[in-house]
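Chains, contacts and geometry: an overview
Chain residues, written in single-letter form:
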Amino acid sequence: MNEVGLSFEDLQTEWGLYYQDGGQGIKDLKKLLQQPSVTDTFFPLTPTKDTIIRKATVQMTRVLQAFQKEFTPMGLQTFKPREIPLYWMKIDSKLTPVELQQSWAGFLAEKGLNPEDMVA
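1. Topic: the overall build of the protein
Across its full length, the protein holds three helices and two strands. Secondary structure elements in the protein, listed N-terminal to C-terminal, are α-α-β-β-α. Of all 120 residues assigned to the protein, the portion counted as buried reaches 8%. At a minimum sequence separation of 6, the contacts of the protein that also span at least 24 residues come to 42%.

Structure follows, in structure tokens:
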């Protein structure tokens, strides 16, 4: 047993004949669980000062087919423009560093300025 609560025997019992010992163990399972997400790489940040982000969406028909030597193209793609409006927002709240310095956000206070100079 370990801190996860699984043993090697538990793995063999769970996976039965599907389990093939290749030197892997519980440490490998934990390593896989702690892998960084790759999803973020597909959604990059797009800094902009525009009020509308213009992108495109695509619709595709089936592209997979059984293997064959000849080139047989298939699948149609339809691209459509898409606009994502970034609506204006307004927050009416007056905060001063004096109120924030004793909170978790105190690191935001700029050093060397008077509180009234830091109010936006």
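2. A short note on the confidence of the model for the protein
Scored by pLDDT, the protein has a mean of 76; 72% of the residues are at 70 or more. By mean pLDDT, the top-scoring element of the protein is strand β2 (residues 77-85) (91), and the lowest-scoring one is helix α3 (residues 97-100) (65).

3. Some thoughts on the pattern of salt bridges
Per the counting criterion, the structure on display carries one salt bridge. The closest approach of N and O atoms between R54 and E83, which form a salt bridge, is 3.4 Å. You can see R54 sitting in strand β1 (residues 52-60) and its partner E83 sitting in strand β2, a full 29 residues away along the chain. Residue classification places R54 among the exposed positions, given a relative accessible area of 57%.

4. Regarding a nonpolar patch on the surface
Where nonpolar side chains cluster on the molecular surface, the patch consists of V58, M60, V63, L64 and F79 and spans about 540 Å² of accessible area. Summarising the element assignment, V63 is placed in the loop between β1 and β2. What makes V63 partly exposed here is its relative accessible area of 40%.

5. So, the environment of R62
Here R62 shows up in the loop between β1 and β2. By relative accessible area, R62 is classed as exposed at 55%. Between the C-alpha atoms of R62 and G75, which are 13 residues apart in sequence, the distance is 5.2 Å. Beyond its immediate stretch of four places on either side in the chain, R62 contacts M74 and G75. Polar side-chain contacts of R62 include one of 2.7 Å to the backbone oxygen of L64.

Rules used throughout
- Residues numbered from 1 in each chain as written.
- Predicted model: local features only at pLDDT ≥ 70, side-chain atom pairs only at ≥ 80, totals over all residues.
- Heavy atoms only, no water.
- Helix = DSSP H or I, 4+ residues; strand = E, 2+ residues; numbered from the N terminus.
- Buried < 20%, exposed > 50% of the residue type's maximum accessible area, 1.4 Å probe, protein only.
- Contact = heavy atoms within 4.5 Å.
- pLDDT = per-residue confidence, 0-100.
- Salt bridge = Lys/Arg side-chain N within 4 Å of Asp/Glu carboxyl O.
- Patch = residues over 30% accessible without salt bridge, like charges linked within 9 Å, V, L, I, M, F, W, Y side chains within 5 Å.
- Areas by Shrake-Rupley, 256 points an atom, 1.4 Å probe, with all protein chains shown as cover.
- Polar contact = N/O pair within 3.5 Å; in protein donor to acceptor, adjacent residues only side chain to side chain.

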